[in-house]
Amino acid sequence: MILYPKAHFNNVKEISIEFLEKNNIKALILDVDNTLIDYDRNMPDGTVEWVEQLKNNGIKFYIVSNTNKKDKVEQVSQKLKIKYNYFAKKPLKTGLLKAQKELQEKPENVADQIFTDVLGGNRCKMFTILIEPIAEKDIWLTKVKRPIEIFIKKKYFKKINKGGDMD
């Protein structure tokens, strides 16, 4: 199903080089809000080191965010030394395809994560990873879509627990 990810992790730091190599992933597209930083713009400990470790193993990164707050995305981008695209309007393909082009990778070698990203990433034929929010506090728009996300996640987990195929 187009709304289901190929994989699921509690946070981005659980994505290991072994997992990426096993799935032939050469690049990660990350989001900012509640993935790399919380509502108050705090980045979880170890995030910079996680990015550096994966970069040292040849993994490329790109930030694609729906926020229109350039300063917020730019701050995270500079801290992690990752290129970015903000106000991307996901799940539309434009921002994701721009990132893929700049990463110079085939869609199947690029992994994208979180809810709207899963829909957009699947539409772009990317490997999608669902990441749990790092905090409960969220922007109002995300709070509106969270019940839909929870419903879809329940169906997803029910399917994978039965050994269903995610393709």
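Residues numbered from 1 in each chain as written. Predicted model: local features only at pLDDT ≥ 70, side-chain atom pairs only at ≥ 80, totals over all residues. Heavy atoms only, no water.

A. View of the overall build of the protein. The helix and strand inventory of the protein stands at 6 helices and 6 strands. Along the chain direction, N to C, the helices and strands of the protein fall in the order β-α-β-α-β-α-β-α-β-α-β-α. Counting every position in the protein, which comprises 167 residues, the buried fraction comes to 47%. A separation threshold of at least 6 residues defines the contact pool for the protein, and within that pool the share at least 24 residues apart is 67%. When the accessible surface of the protein is summed, it comes to about 9,100 Å², and 52% of that surface belongs to carbon and sulfur atoms. (Helix = DSSP H or I, 4+ residues; strand = E, 2+ residues; numbered from the N terminus. Buried < 20%, exposed > 50% of the residue type's maximum accessible area, 1.4 Å probe, protein only. Contact = heavy atoms within 4.5 Å. Areas by Shrake-Rupley, 256 points an atom, 1.4 Å probe, with all protein chains shown as cover.)

B. Structural detail: the pattern of salt bridges. Under the definition given, this model contains 6 salt bridges. Across the pair Asp71 and Arg41 runs a salt bridge, and its minimum N-O distance is 3.1 Å. Taken together, the positions of Asp71 in helix α3 (residues 70-80) and Arg41 in the loop between β2 (27-30) and α2 (47-56) put the pair 30 residues apart, joining distant regions of the chain. Accessibility expressed as a relative area gives 34% for Arg41, which makes it partly exposed. Between Glu105 and Lys60 there is a salt bridge, and its shortest N-O distance comes to 2.8 Å. Taken together, the positions of Glu105 in the loop between α4 (94-103) and β5 (110-113) and Lys60 in strand β3 (residues 60-64) put the pair 45 residues apart, joining distant regions of the chain. A residue is classified by how much of its surface remains accessible, and Glu105, at 15% relative accessible area, is buried. (Salt bridge = Lys/Arg side-chain N within 4 Å of Asp/Glu carboxyl O.)

C. The nonpolar core, seen in detail. By size, the foremost hydrophobic cluster in this structure holds 28 residues, and its most contacted members are Ile15, Leu28, Trp50, Phe61 and Ile129. Mapped by element, the contributors of at least two residues to this core are β1 (7-9), α1 (17-22), β2, α2, β3, α3 and β6 (127-131). Look past the residues within four positions of Leu28 in its chain and what remains in contact with it is Ile15, Leu20, Trp50, Leu54, Ile59, Lys60, Phe61, Tyr62, Ala111 and Ile129. (Core = buried A, V, L, I, M, F, W, Y, C linked by side-chain atoms within 4.5 Å.)

D. Fine view of unusual backbone geometry. Residues Lys90 and Pro91 are joined by a peptide bond in cis, for which omega reads 20°. Of note, Pro91 is situated in the loop between β4 (83-85) and α4. Unusually for a residue other than glycine, Asn24 sits at a positive phi of about 55°. Examined against the element boundaries, Asn24 turns out to sit in the loop between α1 and β2. The phi angle at Lys81 is positive, at roughly 55°, despite the residue not being glycine. Counting through the fold element by element, Lys81 comes out in the loop between α3 and β4.

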